[in-house]
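Geometric and topological summary
Given next are the chains, with one letter for each unit.
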Amino acid sequence: MRLIVLGCSGSVPGPGSPASGYLVDTGHERLVLDLGNGTLGALQRHLDPWQLDAVAFSHLHPDHCADFASLVVHRRYHPRPPNDPTTRPLPVHAPAEAPDRFAAAYAPSADERSKTDLTDVFAFHPLVDGSRAGVGAATLTARRVDHLCEAYALRVDAGGRSLVYSGDTGPSAALVELARGADVLLCEATWPHVSDEWEEPPPGVHLSGRQAGEHATAAGVGRLLLTHVAPWHEGATLLAEARAAFAGPVELVAPDAQYAV
């Protein structure tokens, strides 16, 4: 299994990276976890979007899903779509609101929305806590985590390997349970644990570098990859926090970087 980072900037795109988006290639299946601002362009450096087998969204904040509207355009209006009918519709695993939210983002006027349900190009599958879905021979598992909106951590299992993506979350027992024994935890680390604003980060929003390391330790994962660092914070600070809380390998991901799982 390979993880390819399309974008890793937290909350907004940064000067050197799109927002959140990750391509997972199991060797047989290719799926994207989140498509934040700027990630569809990055995806095309690594894969023809027609070759995707599924898309999954941790939640529906723009920095994790804004480029879905561009994927609609690509799949509807590309002048040379492949002839293989299995490319339509593309499975989309997302919170239940996704069809309405994505239709509104793509067609903002009421008249356009009345004619747009996106089912000509996508098949929507709602996530719920504990849901499992097959993507070819791979398995996608979701657990509800603690964020400002309905949000899920996602686990991909294929060929005896496992990758868990935290999405956006504050401290979460469900994330630890989902990540138990995973080979890789791709975990958000948005802000420092101690700052001028707090003695400890507020719950129910994001993880600090220290908290990401604590979750990796509690879950017993093999490797921790940090992502979603906001552009106004220093990644090196969050990396140091995580390393102090997790004894295993820890890295700060970079756009276009590839990681073996």
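To keep things clear, this report deals only with the structure shown in the data block. (Residues numbered from 1 in each chain as written. Predicted model: local features only at pLDDT ≥ 70, side-chain atom pairs only at ≥ 80, totals over all residues. Heavy atoms only, no water.)

1. Some thoughts on the pattern of salt bridges
As a reminder of what qualifies: When a carboxyl oxygen of Asp or Glu lies within 4 Å of a side-chain nitrogen of Lys or Arg, that pair is called a salt bridge. Helix and strand definitions follow DSSP, with helices as H or I runs of at least four residues and strands as E runs of at least two, each counted in order from the N terminus. Exposure classes here rest on a 1.4 Å probe applied to the protein chains alone. A residue is buried below 20% of its type maximum, exposed above 50%, and partly exposed in between.
All chains considered together, the criterion is met by nine salt bridges. Taking the shortest distance from any N to any O, the salt bridge between R76 and D120 comes out at 2.9 Å. Of the two residues, R76 sits in helix α3 (residues 68-77) while D120 sits in the loop between α5 (110-114) and β6 (122-126), which places them 44 residues apart along the sequence. We note a salt bridge from D157 to R155, for which the minimum N-O separation is 3.0 Å. Exposure remark for R155: the relative accessible area of 13% places this residue in the buried category. Each of D129, R143 and E177 takes part in salt bridges that share partners, so that together they form one network.

2. Points about the layout of surface pockets
The rolling of a water-molecule-sized probe over the atoms marks out the regions of remaining empty space. Going by this rule: Points on a 1 Å grid over protein atoms alone make up a cavity when a 1.4 Å probe fits among them but cannot get out, and a pocket when they form an open set with protein on both sides within 12 Å along at least five of seven lines; lining residues each have an atom within 4 Å of a point. Grid points are joined across faces, edges and corners, and a volume is the space filled by probe spheres set on the points. Nonpolar residues are Ala, Val, Leu, Ile, Met, Phe, Trp, Tyr, Cys and Pro. Charged residues are Asp, Glu, Lys and Arg, and all others, Gly as well, are polar.
Taken as a whole, the largest pocket holds about 230 Å³ of empty space. What lines the largest pocket is a set of 17 residues, among which C8, S9, S17, V229 and P231 lie closest to the centre. By residue class, the composition of the lining of the largest pocket is nine nonpolar, eight polar and no charged.

3. Details of the sheet that holds strand β2 (residues 21-25)
For clarity, the threshold we go by: Think of it this way: DSSP has to see at least two bridges between two strands before they count as a pair. Think of each axis as a best-fit line through the C-alpha atoms, taken over the contacting stretch in the case of a helix, with angles from 0 to 180 degrees between the N-to-C directions.
If you walk across this open sheet you meet the seven strands as β6-β5-β4-β3-β2-β1-β14, and the pairing is mixed. Bordering the open sheet on either side are β6 and β14 (258-260), each of which pairs with just one other strand. Averaged over all neighbouring strand pairs, the angle between strand axes comes to 20°, with direction disregarded. Two strands pair when backbone bridges link them, and strand β1 (residues 2-7) and β2 are joined in this way by five bridges, in the antiparallel orientation. Following the sheet pairing, G7 is matched in β2 by G21.

4. Examining the environment of G235
Quick note on the threshold: The contact criterion used is simple: two residues touch if any of their non-hydrogen atoms lie within 4.5 Å.
As for its placement among the helices and strands, G235 is situated in helix α8 (residues 235-245). A relative accessible area of 14% means that G235 is categorised as buried. Put simply, G235 and L127 are 108 residues apart on the chain and 31 Å apart in space, counted from C-alpha to C-alpha. When residues no more than four places from it in sequence are discounted, the contact partners of G235 are V229 and L252.

5. A closer look at the packing of helix α7 (residues 209-219) against α8
Convention followed: What sets the label is the angle itself: under 35 degrees gives roughly parallel, over 145 gives roughly antiparallel, 65 to 115 gives roughly perpendicular, and the rest give oblique. Definitions for this section: a left-handed crossing has its near helix turned counterclockwise from the far helix by less than a right angle. A right-handed crossing has that turn clockwise.
Between α7 and α8, whose axes approach to 7 Å, the crossing angle comes to 30°. Taken together, the axes of α7 and α8 are roughly parallel relative to one another. Considering the relative orientation of α7 and α8, their crossing is right-handed. Packed against α7, whose contacting residues are G209, R210, G213, E214 and T217, the element α8 presents L238, E241, A242 and A245 at the interface. A class-by-class count of the residues in the contact of α7 with α8 yields three nonpolar, three polar and three charged.

6. A short note on the nonpolar core
To be explicit about the condition: We define the nonpolar core as a collection of buried residues of types Ala, Val, Leu, Ile, Met, Phe, Trp, Tyr and Cys that are connected through side-chain atoms lying within 4.5 Å of one another.
Core analysis: the biggest nonpolar cluster contains 29 residues, and F57, F68, F102, L118 and F122 have the highest contact counts within it. For this core, the elements supplying multiple residues, two or more each, are β1, β3 (30-35), α1 (39-43), α3, β5 (90-94), α4 (98-106) and β6. The greatest single-element share of this core, amounting to four residues, is contributed by α4. In terms of nonpolar packing, the next biggest core, distinct from the first, is built from 28 residues, M1, V156, Y259 and V261 among them.

7. Notes on the pairing of strand β7 (residues 132-135)
As paired elements, β7 and strand β8 (residues 138-144) share four bridges and run antiparallel to each other. Paired with G134 across the bridge in β8 is T139. The antiparallel pairing of β7 with β8 creates a hairpin that spans two residues between the two strands, and G136 there sits at a positive phi of about 60°.

8. Observations concerning the pairing of β5
Here β5 lies mainly inside the structure; four of its five residues are buried. Inspection of the sheet shows strand β4 (residues 54-56) paired to β5 by two bridges, in the parallel sense. Note on β5: the bridge partner recorded for V55 is V92. In terms of strand pairing, β5 meets β6 through five bridges, oriented parallel.

Functional significance is not addressed by these values, which are geometric in nature.
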